[in-house]
Protein chains: 2
Amino acid sequence: MPLYKQFADQLAASIRAGVLRPGERIASVRIASQQHKVSVTTVVRAYELLESQGIIESQPQSGYFVRAQAETVAMPAAKTSREDHPAWQESTEVDVSRLVLATLRTIQQDGTVPLGSPYPNPALFPSHRLAQYAGKIARHASQSSVFDDLPPGHPELLRQIARRYLENGLKVAPEEIVITVGATEAINLCLQAVAKPGDTIAVETPTFYAMLHAIERLGMRALEIPTDPERGMDVGALEECLKTQAVAACMVMPNFQNPLGFQMPDSEKERLVRLAEQHQMPLIENAVYSELYYGNAHPSSLKNYDRDGLVLHCSSFSKSLTSAYRIGWAMPGRYRDQVEKLKFLNTLATPTAPQRAIAEYLTQGGYERHLRRVRRAFAQQRELMRHFVLRFFPEGTRVSAPEGGYVLWVELPPQVDAMELYRRSLALGITVAPGRIFAATNRYSHFIRLNYSYDWSREIEQALKLMGKLVQELAD
Amino acid sequence: MPLYKQFADQLAASIRAGVLRPGERIASVRIASQQHKVSVTTVVRAYELLESQGIIESQPQSGYFVRAQAETVAMPAAKTSREDHPAWQESTEVDVSRLVLATLRTIQQDGTVPLGSPYPNPALFPSHRLAQYAGKIARHASQSSVFDDLPPGHPELLRQIARRYLENGLKVAPEEIVITVGATEAINLCLQAVAKPGDTIAVETPTFYAMLHAIERLGMRALEIPTDPERGMDVGALEECLKTQAVAACMVMPNFQNPLGFQMPDSEKERLVRLAEQHQMPLIENAVYSELYYGNAHPSSLKNYDRDGLVLHCSSFSKSLTSAYRIGWAMPGRYRDQVEKLKFLNTLATPTAPQRAIAEYLTQGGYERHLRRVRRAFAQQRELMRHFVLRFFPEGTRVSAPEGGYVLWVELPPQVDAMELYRRSLALGITVAPGRIFAATNRYSHFIRLNYSYDWSREIEQALKLMGKLVQELAD
């Protein structure tokens, strides 16, 4: 490990241990260099690393300070759910989509504070460059027709996506990929390829509602597996279930899960894939946040451990490049042909211009630089959001510690009705995602999810302050 | 009726009656004016009308001639199917999509003659203007996100579609419409909204394969109702079926059905809707060709007769404006909310830029002018295609007489295997749609569908000549 990283780690450990407290000024570069007998360059690089991780912050003319660190709190609904929910091994019918659509509509309204949004701040995207490419393509491709991009999709985009995986250590051939209308369609097609109506599908709890939507749409049943806010799905619990009941497939989001934000450890990812092999159970992996890591390296995918082609990997550009183009894809392993056929049946083809604009962007370069900027912004805003929630919300509030992505999972005092908070906040022009959209059963009635992808502003701070008051009222 | 139309009708009747034969020269404008005691203007307008209908043609320096008129031939598979197929009342599982995708792929290949294409010649589309709008929108809408066009879709496009229906005599409110990824998605969503896996769905036979795809994808069963090549689905036969079995929905294409080309008479449309009311059976109407009529007036839709909201009307711009943008819509009557929800579950949202580009095109005007040009071209090319098929193909070949759209249904001598013709044609660089993709059962083994939307050329003529030889070989 390079010296600057060792030095950064030591400093981070001191902060975690409480030796250095939030708001405290830390040694200047010159002094730290003398104290620790390391070069100025080493200190500068270490401080930059800690800053990118949101652990310290620089203030102009005054030096570096320890950032407000929220306590990393385990979500009891996950950690203790085997005990709290004696019936957790029973699968349930799913119907959450109406509430989700209503929630998204609140965000569509002009002037609302978009804390309930599932999408990243579009201002962070290289929209101008993409638009230039799209405009150029539109002007030149006047005779393009649907045939240009029959499934599996536009050849150059397939190639660029495969190249990107290679850069991140996953060997993928363009032929393994099928382009879809967002990850939403990819997940739907993959699920339909491996399971049929009435089947039971294992999911995390809480889980991203797009997973529940796919299950709902296909008339399947959800089996909610206890999920640790730091390590992800409890693979042991899943194993236990598989002994007693038929599970047609398992849907997971191993990296920066929405809403919990965890990154599943590599060992757990591998364990899950081996369990799936043993039971020949397909794994549908939702990887839409994988590019938005705060750590030093791109996280691995379940696909990295897949020997039998059982992993159906789904992703999109909606969270990392543009949400307006609706371009996603599936890498369905051994189910590739079925998924391609279902794509054809579902929407025939994906529009060609957005595919070509993104392919052009990836060809021209700059994606990695853009992502670095976004990751840094999200890591910093995570700390601010955690700090202000803990400051403005009443005692008993706990927050997650996401390791990537841009959403915070907030547990309110147990007597608070998050649906009522959702309604009262909306009356004040503030949107929020209520916990109940993240489960087939109404488990998370006192949880909310907050989006921290927007540039920090007085407006956001004010919104959190107002919400804090509402939570206090509802807790009293 | 204006005088010139009366005059044109008389002349057309003489031609039909064989008084004037194909290839014969007809009276010059001056002589006809004297003979019939009508003005020169009246004769000119009558001749122009007959020319636009493909009944006569002008040859430079030589005057007007009667065009080669193919005999309007009833398709026996439709007319006699109640007798020919004693088991027609049994529903069947569906699996045609692989063959359809393979067929479409043959068209994708460079340099093939696209007689097998289901799409109109893109050169006829106002692609340049659309591309200009798309480019402008792309450059200015740099911050657009998926929220802009959550279901039901982009508000201005919804308004423009409703306006277009109003112009054609159908009162529609923008709120009744849900934008989709092509008519393919619209049909899928509508079918899923009204039926469940295992249900029986009544369809025309032959039917457009997109209908069969939807049934296949959702695991339903197809009940193929005898269909008259001039009047459409045999409503009496459907009525008979409804007496003895449960039919969850009925899917039809009342105007310029693909592949037969008929326009269902208004009386039959109304009869079908009344039958549906009586049984409270939803009707899924595919109207993608309705704008491409050769007659004088826009044809009515089933929706015009719908009093109970039982008609789920589906359409798109893919056949009339651009196939590359993949913009379609559903007007699902009383099932609107279910369809909107399923749209959200299936693909979340339709990409915004193509919706906005089309909305802009419709706002700026010129759609009707464009359509008139396209209709005229298709009407003329229909006659050429019919003429040359009958000229080059062996005796026993019969062709349909489409009243709109751009496809011809060709019955080959019964011993000809259309799949073998498909393969041998492809080896010569000619694509063709084999009859078996138009039915769940293999009824149309000696039928093919030909696309006549492309500008007539020596290449097309040569392709038909070569195919004629292949058919002769296969018939011997």
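Note that this is a predicted model, so its numbers are computed, not measured. (Residues numbered from 1 in each chain as written. Chains lettered and ligands numbered in written order. Predicted model: local features only at pLDDT ≥ 70, side-chain atom pairs only at ≥ 80, totals over all residues. Heavy atoms only, no water.)

Interfaces are often sized by the accessible area lost when the parts come together. In this assembly, 57 residues from chain A lie in contact with 57 residues from chain B. Between chain A and chain B the total buried area reaches about 5,000 Å² when both faces are included, carbon and sulfur atoms providing 63% of it. There are four salt bridges connecting chain A and chain B. The shortest N-O distance in the salt bridge between Lys341 of chain A and Glu216 of chain B comes to 3.0 Å. Inspection of the region where chain A meets chain B yields 19 residue pairs in polar contact (both at pLDDT 80 or more). Sorting the residues of the side of chain A that touches chain B by element identifies α6 (97-108), α7 (127-140), α9 (182-194), α10 (209-217) and α13 (336-347) of chain A as the ones contributing at least two each. (Contact = heavy atoms within 4.5 Å. Buried area = accessible area lost by both parts, 1.4 Å probe. Salt bridge = Lys/Arg side-chain N within 4 Å of Asp/Glu carboxyl O. Polar contact = N/O pair within 3.5 Å; in protein donor to acceptor, adjacent residues only side chain to side chain. Helix = DSSP H or I, 4+ residues; strand = E, 2+ residues; numbered from the N terminus.)

All names here are of chain B. Residue placement: Ser323 occurs in the loop between β9 (311-316) and β10 (327-331). Ser323 sits in the buried class, given a relative accessible area of 1%. In this structure the C-alpha to C-alpha distance between Ser323 and Phe392, which are 69 residues apart in sequence, comes to 31 Å. (Buried < 20%, exposed > 50% of the residue type's maximum accessible area, 1.4 Å probe, protein only.)

All names here are of chain B. Following both chains from N to C, one finds helix α11 (residues 235-244) and helix α12 (residues 266-279) inclined at 10°, their axes separated by 10 Å at the closest point. Classed by the angle they form, the pair α11 and α12 counts as roughly parallel. Across the interface between the two elements, Val235, Gly236, Leu238, Glu239 and Leu242 of α11 pack against Glu268, Arg271, Leu272, Leu275 and His279 of α12. For the contact of α11 with α12, the residue count by class is five nonpolar, two polar and three charged. (Axes fitted to C-alpha atoms, helices over the stretch in contact; angles between N-to-C directions. Parallel < 35°, antiparallel > 145°, perpendicular 65-115°, else oblique. Nonpolar A, V, L, I, M, F, W, Y, C, P; charged D, E, K, R; others polar.)

Bringing the domain arrangement of chain A into the picture now. Residues and elements named next belong to chain A. The domain boundaries assigned to chain A delineate domain 1 (3-66), domain 2 (76-87 + 95-124 + 373-475) and domain 3 (127-367). Measuring from the centre of the C-alpha atoms in domain 2 to the corresponding centre in domain 3 gives 25 Å. Across the contact, 36 residues belong to domain 2 and 37 residues belong to domain 3. Interface area for domain 2 against domain 3, summed over the two sides, is near 3,000 Å², with a carbon-plus-sulfur share of 55%. Taken together, domain 2 and domain 3 are joined by two salt bridges. Arg375 is the salt-bridge partner of Glu291, the closest N and O atoms lying 3.6 Å from each other. Put simply, the parts of the chain that give the side of domain 2 that touches domain 3 at least two residues each are α4 (76-79), α5 (81-84), α6, α15 (367-392) and β12 (407-411). Examining the composition of the side of domain 2 that touches domain 3, we find that five residues originate from one element, α15, more than from any other. Taken together, the residues that form the side of domain 2 that touches domain 3 break down as 22 nonpolar, six polar and eight charged. (Domains from an automatic or database assignment.)

Here we come to the pattern of salt bridges. Under the definition given, this model contains 56 salt bridges over all chains. One salt bridge connects Asp337 of chain A with Arg336 of chain A, and the closest N-O pair in it is separated by 3.0 Å. Overall, Asp337 of chain A belongs to the partly exposed group, its relative accessible area being 43%. When its relative accessible area of 16% is taken as the criterion, Arg336 of chain A is described as buried. Of the charged contacts, one joins Glu383 of chain B and Arg382 of chain B as a salt bridge, the two residues approaching to 3.0 Å between their closest N and O atoms.

This part covers the pairing of strand β2 (residues 63-66) of chain B. The side chains of a regular strand alternate between both faces of the sheet. All names here are of chain B. Pairing of strand β1 (residues 56-59) with β2 involves four bridges; the strand directions are antiparallel. Looking at β2, one finds that Gln59 is bridged to Gly63. Linking β1 to β2, which pair antiparallel, is a turn of three residues; within it Gln61 sits at a positive phi near 70°. (Pairing = 2+ DSSP bridges.)

To continue, consider the packing of aromatic side chains. Applying the stated criterion to the full structure yields 32 aromatic pairs over all chains. Ring geometry for Trp409 of chain A versus Phe447 of chain A: centroids 5.1 Å apart, planes at 15°, classification stacked. Residue Trp409 of chain A is located in strand β12, and its partner Phe447 of chain A is located in strand β14 (residues 447-451); the two are separated by 38 residues in the primary sequence. Of the residues examined, Phe447 of chain A reaches a relative accessible area of 1% and is grouped as buried. Between Tyr444 of chain B and Phe447 of chain B, the aromatic rings sit 5.3 Å apart at their centres with planes inclined by 85°, giving edge-to-face as the arrangement. Judged by its relative accessible area of 1%, Tyr444 of chain B is buried. Pairwise contacts between aromatic rings join Phe208, Tyr209, Trp409, Phe438, Tyr444 and Phe447 of chain A into one cluster. Cation over ring: Arg375 of chain A sits above Tyr293 of chain A, and NZ or CZ is 4.0 Å from the ring centre. (Phe/Tyr/Trp six-rings, centres within 6.5 Å; stacked < 30°, edge-to-face > 60°. Lys NZ or Arg CZ within 6 Å of the ring centre and 35° of its normal.)

The next subject is the relation of the copies chain A and chain B. Overlaying chain A on chain B yields an RMSD of 0.3 Å, the required transformation being a rotation through 180° with an accompanying axial translation of 0.0 Å. When the rotation and shift are considered jointly, the pair of chain copies conforms to a two-fold rotation axis. Closest approach to the rotation axis within chain A is made by the C-alpha atom of Gly135 of chain A, at a distance of 1.8 Å. Looking at the interface residues of chain A, 100% of them are also at the interface in chain B, so both copies use one shared face. (Least-squares fit on C-alpha atoms with pLDDT ≥ 70 in both.)

Let's shift gears to the sheet that holds strand β3 (residues 178-181) of chain A. Residues and elements named next belong to chain A. The eight strands lie next to each other as β3-β10-β9-β8-β7-β4-β5-β6, forming an open sheet whose pairing is mixed. Pairing within the sheet leaves two strands with one partner each, and these edge strands are β3 and β6 (232-233). Here strand β7 (residues 249-252) pairs with strand β8 (residues 283-286) via three bridges, running parallel. Following the sheet pairing, Met251 is matched in β8 by Ile284.

Here we come to the nonpolar core. Considering soluble globular proteins, one finds that nonpolar side chains tend to be buried as a cluster. Core analysis: the biggest nonpolar cluster contains 124 residues, and Leu115, Leu191, Met251, Phe317, Ile448, Leu450 and Leu464 of chain A have the highest contact counts within it. Element by element, the count of residues in this core is highest for α15 of chain A, at nine residues. Excluding residues that lie within four positions of it along the chain, Leu450 of chain A makes contacts with Leu115, Met385, Val389, Tyr406, Val407, Leu408, Val410, Val432, Leu464 and Met467 of chain A. Counting 123 residues, the second-largest nonpolar core is a separate cluster that includes Met220, Leu312, Leu450 and Val471 of chain B. (Core = buried A, V, L, I, M, F, W, Y, C linked by side-chain atoms within 4.5 Å.)

With nine of its nine residues buried, helix α10 (residues 209-217) of chain B lies for the most part within the structure. Buried within α10 of chain B we find Tyr209, Ala210, Met211, Leu212, His213, Ala214, Ile215, Glu216 and Arg217 of chain B.

Residues and elements named next belong to chain B. Judged by pairing direction, the sheet is mixed, and its eight strands sit side by side in the order β3-β10-β9-β8-β7-β4-β5-β6 without closing on themselves. Each having just a single partner strand, β3 (178-181) and β6 (232-233) make up the two edges of the open sheet. By the bridge criterion, four bridges tie strand β8 (residues 283-286) to β9 in an arrangement that is parallel. Bridge pairing links Leu283 to Val311 in β9. Its contacts with the sheet place α11 against β4 (200-205), β5 (221-228), β6 and β7 (249-252), and it is angled at close to 145° to β5.

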